[in-house]
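Descriptive analysis of the structure
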Amino acid sequence: MSKLVFKQLFEAESSTYTYIVGDDVTKEAVIIDPVDLTAARDAHLIEELGLDVKYALNTHVHADHITGTHALREYLPNAKSALSERSGGRADVYFKQGDHIRIGGFTLDVLETPGHTDGCVSFYVYGCGIVPLVFTGDAVLIRGCGRTDFQQGSSEVLYKSIWERIFTLPRETIIYPAHDYKGLTSSSVGEELAYNTRLLKKKEEFVEVMANLNLPYPKKIDAALPMNLADGDVKYVQNSK
Ligand SMILES: N[C@@H](CCC(=O)N[C@@H](CSS)C(=O)NCC(=O)O)C(=O)O
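Remember, it's a predicted structure, so these values are computed and weren't measured experimentally. (Residues numbered from 1 in each chain as written. Predicted model: local features only at pLDDT ≥ 70, side-chain atom pairs only at ≥ 80, totals over all residues.)

With respect to the overall build of the protein chain
Where we set the bar: Strands are runs of DSSP state E lasting at least two residues, helices are runs of H or I lasting at least four, and both sets are numbered from the N terminus onward. Radius of gyration: over C-alpha atoms. The globule rule applied is 2.2 Å multiplied by the number of residues raised to the 0.38 power. A residue is called partly exposed when the number of other C-beta atoms within 10 Å of its own lies between 12 and 20, exposed at 12 or fewer, and buried at 20 or more, with C-beta atoms placed from the backbone.
Helix and strand counts for the protein chain come out as 7 helices and 14 strands. Rg of the C-alpha trace for the protein chain: 17 Å, near the compact-globule value of 18 Å for 241 residues, within the 12% margin. Along the first, second and third principal axes, the C-alpha atoms of the protein chain reach 50 × 50 × 30 Å. Here the protein chain holds 241 residues, and 49% of them are scored as buried.

As structure tokens, this is what we get:
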């Protein structure tokens with residue numbers, strides 16, 4: 001029976017986690033939320049593991065770093081970039097709520113989890129007897145959640161997404177976020193239901209908390225948004241000017 005290939009990779013400038021998920025028998029794989037700065041490192045690892053990456057997936061149009069999807073084309077010719085059809089961004093393929101992405105014996109279900117941005121999705125992975133995993137992007141962070149103060153953000157929408165689409169998953173589901181700023185690496189649905197004090201608040205209190213986070217804008221936002229809407233391709237950005 002297939003075993004899951006799983007790698008959690010870190011990009012330190014933006015505290016971003018990139019994930020590689022594959023099937024050790026068929027070698028089919030995806031990479032989730034790659035960063036331009038670490039594309040060569042990730043491609044080297046993929047080559048060492050003998051994986052055939054079908055999709056380079058972004059959970060959303062990131063504001064804090066430039067996606068690695070374009071940079072990876074040089075190394076991974078079979079990989080198609082993919083983004084939610086609600087994101088407004090450019091990609092080879094688009095996905096939507098309820099789509100299934102097959103990776104050998106495993107399935108990734110696309111769960112639309114808007115709120116941080118309109119086009120945010122999470123990927124729920126199961127199959128071959130594994131404890132299920134969910135890649136939550138910037139929707140659920142460990143003991144927190146994504147900010148909602150730019151890029152069509154809405155704290156009401158985020159709260160609904162998380163309570164309806166993430167906190168209804170089996171409690172043992174392991175949560176892998178797109179960022180952590182304190183060195184934590186994973187959580188679970190049960191753990192967040194016990195300790196995520198922000199999301200355990202009533203909706204009205206949550207909205208109040210989110211309106212008063214007072215976080216500085218991400219340092220790279222002005223460069224990152226146009227690049228990520230263009231799938232990380234600087235030539236496309238320049239030609240559109
Ligand atoms: N300092 C970082 C940006 C930190 C930040 O704003 N993180 C976002 C996700 S990336 S847009 C967020 O939602 N944070 C929520 C939180 O509670 O920290 C930079 O300059 O890039």
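Additional details are given in the paragraphs that follow.
Observations regarding the pairing of strand 8 (residues 106-112)
Threshold: Any two strands are treated as partners once DSSP identifies two or more bridges connecting them.
When strand 7 (residues 100-103) meets strand 8, the two strands line up antiparallel, connected through 4 bridges. Residue pairing in the sheet places Arg102 in a bridge with Thr107 of strand 8. Between strand 7 and strand 8, which pair antiparallel in sequence order, lie 2 residues; one of them, Gly104, sits at a positive phi of approximately 55 degrees. Looking at chain direction, strand 8 and strand 9 (residues 121-126) are connected through 6 bridges and run antiparallel. Each bridged residue has a counterpart across the sheet, and for Glu112 the counterpart in strand 9 is Val121.

A short note on the pairing of strand 5 (residues 80-84)
Counting buried positions along strand 5 yields 4 of 5 residues, so the element is predominantly enclosed. As judged from the 3 bridges shared by strand 4 (residues 52-57) and strand 5, these two strands associate in the parallel manner. Its bridge partner being in strand 5, Ala56 is matched across the sheet by Ser81.

Here's the deal with the site of the ligand
Note the threshold: In this text, near has one meaning. A residue is near a molecule or strand if its C-beta atom, placed using the backbone, is within 6 Å of it. Under the convention adopted here, Pro, Cys and the residues Ala, Val, Leu, Ile, Met, Phe, Trp and Tyr are nonpolar, Asp, Glu, Lys and Arg are charged, and Gly plus all remaining residues are polar.
Around the ligand there are 13 residues in total, and Asp64, Gly146, Arg147, Pro218 and Lys219 lie nearest to it. Along the lines of polarity and charge, the residues of the shell around the ligand split into 4 nonpolar, 4 polar and 5 charged.

Let's talk about the sheet that holds strand 3 (residues 28-32)
For clarity, the cut-off: Axis definition: a line fitted to C-alpha atoms, over the contacting stretch in the case of helices. Angles run 0 to 180 degrees between N-to-C directions. Any pair of residues counts as being in contact when their C-beta atoms, constructed from backbone geometry, are within 7 Å of one another.
Read across the sheet, 6 strands follow the order 1-2-3-4-5-6 without closing on themselves; strand pairing throughout is mixed. Whereas interior strands pair on both sides, the edge strands pair on one side only; in this sheet they are strand 1 (4-11) and strand 6 (93-95). The average angle at which neighbouring strand axes cross in this sheet is 25 degrees, direction not considered. In this fold helix 1 (residues 39-49) packs onto strand 1, strand 2 (16-23), strand 3 and strand 4, with an angle of close to 160 degrees to the strand it touches most, strand 1.

Overview of the UniProt feature "domain: Metallo-beta-lactamase" (unreviewed entry) in the protein chain
We apply this condition: UniProt positions are given in the numbering used here, feature names are shortened, and annotations may be inferred rather than shown by experiment.
Here the UniProt-annotated "domain: Metallo-beta-lactamase" (unreviewed entry) positions come out as residues 15-179. In this annotation, residues 15-179 is assigned 16% helix and 35% strand; the end-to-end C-alpha distance for the span is 6 Å.

Overview of unusual backbone geometry
Backbone geometry places Gln151, a non-glycine residue, at a positive phi of 55 degrees. You can see Gln151 is positioned in the loop between strand 12 (144-145) and helix 3 (155-166). Classification of Gln151 as buried rests on a count of 21 C-beta atoms within 10 Å.

Section: the packing of helix 3 against helix 5 (residues 203-211)
Here is the rule: Each angle gets one of four labels, with under 35 degrees taken as roughly parallel, over 145 as roughly antiparallel, 65 to 115 as roughly perpendicular, and the rest as oblique. Crossings are classed by handedness, with left-handed meaning an anticlockwise turn of the near helix from the far one by less than a right angle and right-handed meaning a clockwise turn.
Where helix 3 contacts helix 5, the two axes come as close as 9 Å, and the packing angle between them is 125 degrees. Classified by the angle their axes make, helix 3 and helix 5 are oblique. As for how helix 3 packs across helix 5, the hand of that crossing is right-handed. Across the interface between the two elements, Ser155, Glu156 and Tyr159 from helix 3 touch Lys203, Phe206, Val207 and Met210 from helix 5. Looking at the contact of helix 3 with helix 5 residue by residue, the class counts come to 4 nonpolar, 1 polar and 2 charged.

A word on the environment of Ala63
With respect to the helices and strands, Ala63 occurs in the loop between strand 4 and helix 2 (69-72). Ala63 sits 170 residues away from Asp233 along the chain, and the two C-alpha atoms are 15 Å apart. Apart from residues no more than four positions distant in its own chain, Ala63 is found in contact with Phe150, Gln151, Pro218, Ile221, Ala224 and Leu225.

Some details on the nonpolar core
Heads up, the rule is: Joining buried Ala, Val, Leu, Ile, Met, Phe, Trp, Tyr and Cys residues through C-beta atoms within 7 Å gives a set, and that set is a nonpolar core.
In this structure, Val21, Val30, Val53 and Phe123 are the most contacted members of the largest nonpolar core, which totals 56 residues. Residues contacting Phe123, with those up to four places away along its chain left out, are Ile32, Leu57, Leu108, Val110, Val134 and Phe135. In terms of nonpolar packing, the next biggest core, distinct from the first, is built from 5 residues, Ala63, Ile66, Ala224 and Met227 among them.

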